[in-house]
2 protein chains.
Amino acid sequence: MRDYKFGLSEKEIPYQWYNVAADLPFKLFPPINPGTGKPLEKDALRPIFPIGLIDQEVSSEHWIDIPVQVRDIYRLWRPTPLRRARNLEKLLKTKSRIYYKDESVSPTGSHKTNTAVAQAYYNKKEGIKQLVTETGAGQWGSALSFACNIFSLGCRVYMVKVSYHQKPFRKSLMHIWGAEVIPSPSELTQSGRNVLKEDPHCQGSLGIAISEAVEEAAKNKKANYALGSVLNHVLLHQTVIGLETKKQLKLAGEKPDYLVACVGGGSNFGGFAFPFIKDKLKNNNFKMIAVEPTSCPSLTKGLYRYDFGDEACLTPLLKMFTLGHKFVPPGIHAGGLRYHGCSPLVSALHKHKIIEALSCQQVEIFKAAITFARAEGIVPAPETAHAIKVAIDIAKQNKEKCIVFNFSGHGFLDLASYDKFLAGELKNYSYPSNEIKKALKYLPMI
Amino acid sequence: MRDYKFGLSEKEIPYQWYNVAADLPFKLFPPINPGTGKPLEKDALRPIFPIGLIDQEVSSEHWIDIPVQVRDIYRLWRPTPLRRARNLEKLLKTKSRIYYKDESVSPTGSHKTNTAVAQAYYNKKEGIKQLVTETGAGQWGSALSFACNIFSLGCRVYMVKVSYHQKPFRKSLMHIWGAEVIPSPSELTQSGRNVLKEDPHCQGSLGIAISEAVEEAAKNKKANYALGSVLNHVLLHQTVIGLETKKQLKLAGEKPDYLVACVGGGSNFGGFAFPFIKDKLKNNNFKMIAVEPTSCPSLTKGLYRYDFGDEACLTPLLKMFTLGHKFVPPGIHAGGLRYHGCSPLVSALHKHKIIEALSCQQVEIFKAAITFARAEGIVPAPETAHAIKVAIDIAKQNKEKCIVFNFSGHGFLDLASYDKFLAGELKNYSYPSNEIKKALKYLPMI
């Protein structure tokens, strides 16, 4: 009987990250310094990032060595399994073959540790003592706390207020690894105070939390900023996912017809999909689908424009699909996808129609999650359920296709959300056109 | 560089369970029918167990085939990894080599699924429609819910009241897999009503919850009872743990000096240790240590007597180390270990000094858990932390020894307990001699 799992040995963890920027058939728009209106100088990022990561951000090398100290930590949980979802196939009565790359086996339960560990390492190497960051649902904050603990760095996490209350145990995890967690918007930064002045009951957003973290890191010489998604170097680190998946699909004797992953800032989608881009450019015979929530539809409903990465306009301008940096998404339970923008790399690939994007409703993704949990056993994170929903929809077309999706995280710490779903308390959000129209008015004129 | 992980392929999942009862150098005391004072007739268990499991309970076969339907479900997460805890060794600056068998990779996060799936299968095969059970911290209830869902059985779980409130998300998991969860003691059974009459604020105990579940299963012709520990057939199913571990230690080129696991009812300890018993009897050159909480010290402070498995005296009498079936342990956070008795097999091995037992304090085990989480990344279940505490203590002796412990479950759903520990709110429990002396007065005179 054929294997359920396609496991690799430790020596098959990649030795290098793959830099998709080196293989794009078009030129990327550079980040813009909002002060000058000109392309951002490398030095401009020195107050918040170490040189090692800035170099990666702008690199045109195809392959970048993974430092042995980082790979050594990867060995705690990598390579991650690729599993054949046979029970799900049976349940759906489909001729399609469904595989999922299980990143939920990491110590923090998601793919975020792939970049957290790398970022902590490069910062430690350059003498930084503390990292400051933001987190939505808490997956990124947990991952960075874990990584900072490994490298003996301090860690402060600004957690989006609605998620701080919805997901209390992400906070607990961060505490176990010694981090400090602040609900955002907070009184600790000017950005936070400004937001609270306008709206004392603001639920928070990733955009606001980024502002707070960036502001603090820029002011504190011993602290740097670490971002969980969006930027090139972050997606670079995540390519270990897709690189392993390629090997595993070969072991399984499969060529994918569909590659599916959820998308917020773009890190799990990019990490999963980018190693397949060259194949896609060569033989356009498979689809790569990024799935976002209808309540925060950057790729499907946003504009492809230069915009700030954060609410308070402290970051450079990035060319990306955006709903406007002032957009505060509804408090959906897939907190990790509540970001107004998207990785410039993912955005550019979408603009050039090399990848596709779909959006799904909150209630539908939870239904898909329950279907998966009952078929395959693992409870998915609500973010991951977006990919599952689309994978299931494709499988229901009942064609002999190979569908591979990224199981970016488990839902052990999202069970309060599942409770609400099972109690019928969750709702769908239609495309909030008024809020988005309003936010899009604030786009910079570039 | 040597591997961190010693992985096996799916074809190395055992095809047979190992029945240690067939290799014991002494005769086991049989279960006694409390009504007659004579050995229990097989038929006496028919109201609550299927024949397939009753046969296993009394079998003298060395090896028992694992049904392909059960092994097929095992393939979802087995074989489980054996990991070398190199970071922990570095942190402790020890010459010892520490390995842990990671059962936390199961869909429900612990070893309990190894027997839940088997029990659901045998019941389904014999036409049973529903299983009823008890659960302490919720690990067993989650596992049985998962298994019942796989085999389309109904599932009702009586959850010890103190844990029902301490671990709300175990309840959520059970709901995701379609089970019904009742806080125990409840008004639904005579046993429950009797307890509540005496003590309306009773926190509950595994003993009481067992009474409720057994009573309901005995009365309902379409429902059977499923137990998460204690009985021979349950520990039989768990031997997949130790059987895989033996192969993995061979791959690692190791002969263990210490095998350590936490013990409550005995299922993870038995499953881990029993496959090594023949070696132990042949060459008495390694130690097998069962670790229990000081607040519920059945093996270290109990009497080796015939006692009921439950509080209301509905079960047969089992010869085991017991604190008395009326003993209600303090509300420690390692809810899965709050049981007055212990597996008759494990008890007999302890009586004959083939295995040893140690007890640990609550605060100490949480300290060990945090040490482990910070070194190795994975957050342990509080139950598992008992094994970690002893493994760390042995490693601190700094001898060139091979220490292997069973990482029975992760702590993603115990984070509220970790919060309390980090806030300094947990306390140690000294040997509660008055409560135990009182409970021991109720031991049957056999």
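Residues numbered from 1 in each chain as written. Chains lettered and ligands numbered in written order. Predicted model: local features only at pLDDT ≥ 70, side-chain atom pairs only at ≥ 80, totals over all residues. Heavy atoms only, no water.

A. The arrangement of the pattern of salt bridges in detail. Residues and elements named next belong to chain A. Going through the model one piece at a time under the given rule, you end up with 34 salt bridges over all chains. A salt bridge links aspartate 72 to arginine 75, with the shortest nitrogen-to-oxygen separation between them at 3.0 Å. The residues aspartate 72 and arginine 75 share a single accessibility class, namely buried. Each of the salt bridges in this network shares a partner with another, and the network as a whole consists of Arg78, Lys101, Glu103 and Glu244. (Salt bridge = Lys/Arg side-chain N within 4 Å of Asp/Glu carboxyl O. Buried < 20%, exposed > 50% of the residue type's maximum accessible area, 1.4 Å probe, protein only.)

B. Structural detail: the sheet that holds strand S10 (residues 180-184) of chain B. Residues and elements named next belong to chain B. Strand order across the open sheet formed by four strands is S10-S9-S8-S11, with parallel pairing between neighbours. Strands at the two margins of the open sheet, each flanked by one partner only, are S10 and strand S11 (223-225). Going across the sheet, the axis of each strand differs from the next one's by a mean of 25°, ignoring polarity. Pairing of strand S8 (residues 130-135) with S11, which is carried by three bridges, proceeds in the parallel orientation. Paired with glutamine 130 across the strands is alanine 223, a residue of S11. (Pairing = 2+ DSSP bridges. Helix = DSSP H or I, 4+ residues; strand = E, 2+ residues; numbered from the N terminus. Axes fitted to C-alpha atoms, helices over the stretch in contact; angles between N-to-C directions.)

C. Representation of the interface of chain B and chain A within the structure. In this assembly, 41 residues from chain B lie in contact with 41 residues from chain A. Note on chain B versus chain A: buried area summed over both sides is about 3800 Å², and carbon and sulfur give 58% of it. In this structure, the connection of chain B to chain A is made through zero salt bridges. Our enumeration of links across chain B and chain A arrives at eight residue pairs in polar contact (both at pLDDT 80 or more). When contributions to the side of chain B that touches chain A are tallied by element, the ones reaching two or more residues are helix H5 (139-150), helix H7 (168-176), helix H15 (362-376) and helix H17 (415-422) of chain B. Residue composition of the side of chain B that touches chain A, grouped by class: 21 nonpolar, nine polar and 11 charged. (Contact = heavy atoms within 4.5 Å. Buried area = accessible area lost by both parts, 1.4 Å probe. Polar contact = N/O pair within 3.5 Å; in protein donor to acceptor, adjacent residues only side chain to side chain. Nonpolar A, V, L, I, M, F, W, Y, C, P; charged D, E, K, R; others polar.)

D. Quick look at the pairing of strand S15 (residues 317-322) of chain B. Residues and elements named next belong to chain B. Summarising burial for S15: six of the six residues are buried, a large majority. Because side chains alternate across S15, one face comprises the buried residues Leu317, Lys319 and Phe321, and the other comprises Leu318, Met320 and Thr322, equally buried. As defined by bridge partners, strand S14 (residues 303-308) adjoins S15 across six bridges and the pair is classed as antiparallel. Looking at the pairing, arginine 305 lines up with methionine 320 of S15.

E. How the structure looks around the relation of the copies chain B and chain A. Overlaying chain B with chain A gives an RMSD of 0.0 Å, the required rotation being 180° about an axis along which the chain moves by 0.0 Å. The relationship between the two copies is best expressed as a two-fold rotation axis. Relative to the rotation axis, the closest C-alpha in chain B is found at B:Phe412, a distance of 3.2 Å. Of all interface residues in chain B, 100% are interface residues in chain A too; the two copies therefore contact each other through one and the same surface. (Least-squares fit on C-alpha atoms with pLDDT ≥ 70 in both.)

F. Representation of the pairing of strand S17 (residues 402-407) of chain B within the structure. Residues and elements named next belong to chain B. Burial analysis of S17 places six of its six residues in the buried class, which makes it a mostly covered element. Burial along S17 is two-sided: the face carrying Cys402, Val404 and Asn406 and the face carrying Ile403, Phe405 and Phe407 are both buried. Across six bridges, strand S7 (residues 97-102) lies against S17 in parallel orientation. Considered in S17, the bridge of aspartate 102 is made with phenylalanine 407. When strand S12 (residues 258-262) meets S17, the two strands line up parallel, connected through three bridges. If you follow valine 260 over to S17, its bridge partner there is phenylalanine 405.

G. Up close: the domain arrangement of chain A. Residues and elements named next belong to chain A. Domain boundaries assigned for chain A yield domain 1 (5-9 + 79-109 + 241-440) and domain 2 (21-66 + 111-232). At the interface, 52 residues of domain 1 touch 50 residues of domain 2. Here domain 1 packs against domain 2, burying approximately 3900 Å² in sum over the two surfaces, 66% of which is carbon and sulfur. Three residues, Thr108, Leu345 and Leu413, lead the burial of domain 1 against domain 2; their summed loss comes to 17% of the area buried on that side. Across the contact surface, domain 1 and domain 2 share zero salt bridges. Summed over the shared surface of domain 1 and domain 2, the result is 16 residue pairs in polar contact (both at pLDDT 80 or more). (Domains from an automatic or database assignment.)

H. Representation of unusual backbone geometry in the model. In the segment running from B:Arg78 into B:Pro79, the intervening peptide bond is cis, with an omega of -5°. Inspection of the secondary structure puts B:Pro79 in the loop between helix H2 (68-74) and strand S6 (82-84). A cis amide bond links B:Ser184 with the next residue in sequence, B:Pro185, at an omega value of 10°. Among the secondary structure elements, B:Pro185 is positioned in the loop between S10 and helix H8 (190-198). The phi dihedral of A:Lys353 falls on the positive side, at around 60°, and the residue is not glycine. According to the relative accessible area criterion, A:Lys353 is exposed, its value standing at 72%.

I. Layout of the packing of aromatic side chains. Enumeration according to the criterion identifies 38 aromatic pairs over all chains in this entry. Between A:Phe146 and A:Trp177, the aromatic rings sit 5.5 Å apart at their centres with planes inclined by 75°, giving edge-to-face as the arrangement. In this pair, A:Phe146 sits in helix H5 (residues 139-150) while A:Trp177 sits in the loop between helix H7 (168-176) and strand S8 (180-184), placing the two residues 31 residues apart along the sequence. Here the basic side chain of A:Lys319 rests over the ring of A:Phe29, its NZ or CZ set 4.4 Å away from the ring centre. The ring centre of B:Tyr304 lies 5.2 Å from the NZ or CZ of B:Lys319, which sits over that ring. (Phe/Tyr/Trp six-rings, centres within 6.5 Å; stacked < 30°, edge-to-face > 60°. Lys NZ or Arg CZ within 6 Å of the ring centre and 35° of its normal.)

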